Amino acid sequence: MQSIYISRLMQLAEKDKRILHLVADSGTGYDEMFRHNFPKQIFNFGIAEENMVAAAAGLATTGYIPFVYTSGAFLVYRALEFIRDDICFQNLNVKIVGMGSGLSWSSLGPTHHTTEEVSVLRAIPGIKILSPATPYEVGACLELAYNYTGPVYIRIGMNHEKEFFEERHAIDFGKNEIISEGCDVTIFSTGSILGEVVSAAHILNDKGISTGVVNVVSIKPFDASNIIELSKRTKYLATVEEHNIIGGLSSIIADTLVDNRIDIPLIRIGLCDKFAEGYGTLANVREANKLDCYSIVQKIMEEMK
């Protein structure tokens, strides 16, 4: 996902000199590649995320389009006040990109996980939130954010996510993507965990449980009409997210069901008011927290009984 993000950002930076790449000692080769090609359009603020976000706000007031890019855990949690007051309160044209969404930094533990930031940011007025599932979808999110004037947060993974879309894939704010349809259960997922969800759906279908999958790339604004429509055609809804279920995707869907007086069982799969357990590869940590495809299948089958 990082390589697609940087390559697409360089394409935009080449045609629009207002684009600035702001980093906080990310230490990646991708940043150096950007620096080599656009030395006047990149600024490294060191480990000072609050300062970086405040500077981005200032640059936006002069007509630049800053893309603030670093580890999501440090970017959102450390600089939250600056995101809220300096960017969102003034509705400035700043794009905030948190790399390492969910459990991506699996070997470094909960201090580096980004598993609560959707809950935090969606409560702030004015900001749009995008959660791409694949590398090509990252590129689509970048294009969408660039063409929109105002604050946007994009959360991206970094674990060679499986691709499900075409290279010039297009998305829009407030629109879900139907991957497949089923009449027994429809699983909604967001972000890099889509691969596990698609695998789980295949297993469930093989077991005779008609299973659909919906990819939620636009967290805010949210496609409530899609929930309303699919709830008429399926017996159960399920959510899978590499995030705390409190304030995350399951909360958004639960709110939608309540607001529209829809009575349908909702199966919530994610981190249940806790930090993730375990260290190791992403597969190890997902399995330890019952977010691998087999655990997803087991949970859904248990709930459907």
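Report follows, based on the coordinates.

Some words on the packing of helix 8 (residues 194-206) against helix 12 (residues 293-304)
It is at 8 Å that the axes of helix 8 and helix 12 come closest, and there the two elements cross at 55 degrees. Judged by the inter-axis angle, helix 8 sits oblique to helix 12. Handedness of the helix 8/helix 12 crossing: right-handed. Note on element contacts: helix 12 touches helix 8 through C293, Y294, I296, V297, I300 and M301, opposite E196, V197, S199, A200, I203 and L204. Per-class residue counts for the contact of helix 8 with helix 12 are ten nonpolar, one polar and one charged.

Digging into helix 1 (residues 2-15)
With 14 residues, helix 1 extends 20 Å from end C-alpha to end C-alpha; this agrees with the ideal 20 Å at 1.5 Å per step. Regarding helix 1, the residues found buried are Q2, I4, Y5, I6, R8, L9, M10, L12 and A13. In this fold, the buried residues of helix 1 make contact with strand 1 (19-23), helix 2 (29-37), strand 3 (65-71), strand 4 (95-99), helix 7 (135-146) and strand 6 (152-156).

Some points on the packing of helix 3 (residues 49-61) against helix 5 (residues 80-88)
Two numbers describe how helix 3 lies on helix 5: the axes approach to 9 Å, and their chain directions differ by 5 degrees. Taken together, helix 3 and helix 5 sit at an angle that is classed as roughly parallel. Seen from helix 3, the contacting residues are E50, V53, A54 and A57; seen from helix 5, they are F82, I83, D86 and I87. Across the contact of helix 3 with helix 5, the residue classes break down as six nonpolar, no polar and two charged.

Things to note about the packing of aromatic side chains
Following the criterion strictly, the structure yields three aromatic pairs and no others. When the centroid spacing of 4.8 Å and the interplanar angle of 15 degrees are considered together, the rings of Y5 and Y69 count as stacked. A residue pair is termed long-range when its members are at least 10 positions apart, and Y5 in helix 1 and Y69 in strand 3 qualify at 64 residues. Accessibility assignment for this pair places Y5 and Y69 in one class, buried. A ring pair is formed by F34 and F38, whose centres lie 5.2 Å apart and whose planes are at 45 degrees; its orientation type is tilted. Judged on exposure class, the residue F34 and its partner F38 are both buried.

With respect to the pattern of salt bridges
Taken as a whole and assessed by the stated rule, the structure comprises 15 salt bridges. For E49, the salt bridge goes to R78, with nearest N and O atoms at 3.0 Å. Here R78 lies in helix 4 (residues 72-78) and E49 lies in helix 3, a separation of 29 residues in the sequence. Assessed through its relative accessible area of 38%, R78 is described here as partly exposed. The salt bridge involving E117 is made with R155; its shortest N-O contact spans 2.6 Å. Of the two residues, E117 is situated in helix 6 (residues 117-121) and R155 in strand 6; the sequence distance between them amounts to 38 residues. Like R155, E117 is buried. One continuous salt-bridge network, built from bridges that share partners, spans R8, E143 and R168.

Side note on the sheet that holds strand 3
Within the open sheet, the seven strands sit side by side as 2-1-3-4-6-5-10. Their pairing is mixed. The open sheet has two edge strands with one neighbour each: strand 2 (42-44) and strand 10 (218-220). If you compare each strand with its neighbour and ignore which way they point, the axes differ by 20 degrees on average. Taken together, the three bridges between strand 1 and strand 2 define a ladder with parallel strand orientation. Each residue of the ladder has a partner; that of L22, found in strand 2, is F43. Contacts from helix 1 reach strand 1, strand 3, strand 4 and strand 6, with the element oriented near 145 degrees to strand 1. Sitting on the sheet, helix 2 touches strand 1, strand 2 and strand 3, and the angle it makes with strand 2 is about 135 degrees.

Focus on the pairing of strand 1
With five of its five residues buried, strand 1 lies for the most part within the structure. Residues I19, H21 and V23 point to one face of strand 1 and L20 and L22 to the other, with burial holding for every one of them. Sheet analysis places strand 1 next to strand 3, joined by five bridges and oriented parallel. Looking at strand 3, one finds that L22 is bridged to V68.

Quick look at the environment of Y153
Relative to the assigned elements, Y153 resides in strand 6. Overall, the relative accessible area of 1% leaves Y153 in the buried class. Sequence separation of Y153 and R122 is 31 residues, and the distance between their C-alpha atoms is 9.8 Å. The residues contacting Y153, other than those within four sequence positions of it, are G72, V76, I96, G98, T114, E117, L121, I127, K128, I129 and L130. Of the polar contacts made by the side chain of Y153, one reaches the side chain of E117; its length is 3.1 Å.

Criteria and thresholds
Residues numbered from 1 in each chain as written. Predicted model: local features only at pLDDT ≥ 70, side-chain atom pairs only at ≥ 80, totals over all residues. Heavy atoms only, no water. Axes fitted to C-alpha atoms, helices over the stretch in contact; angles between N-to-C directions. Helix = DSSP H or I, 4+ residues; strand = E, 2+ residues; numbered from the N terminus. Parallel < 35°, antiparallel > 145°, perpendicular 65-115°, else oblique. Left-handed = near helix turned anticlockwise from the far one by under 90°. Contact = heavy atoms within 4.5 Å. Nonpolar A, V, L, I, M, F, W, Y, C, P; charged D, E, K, R; others polar. Expected span 1.5 Å × (residues − 1). Buried < 20%, exposed > 50% of the residue type's maximum accessible area, 1.4 Å probe, protein only. Phe/Tyr/Trp six-rings, centres within 6.5 Å; stacked < 30°, edge-to-face > 60°. Salt bridge = Lys/Arg side-chain N within 4 Å of Asp/Glu carboxyl O. Pairing = 2+ DSSP bridges. Polar contact = N/O pair within 3.5 Å; in protein donor to acceptor, adjacent residues only side chain to side chain.

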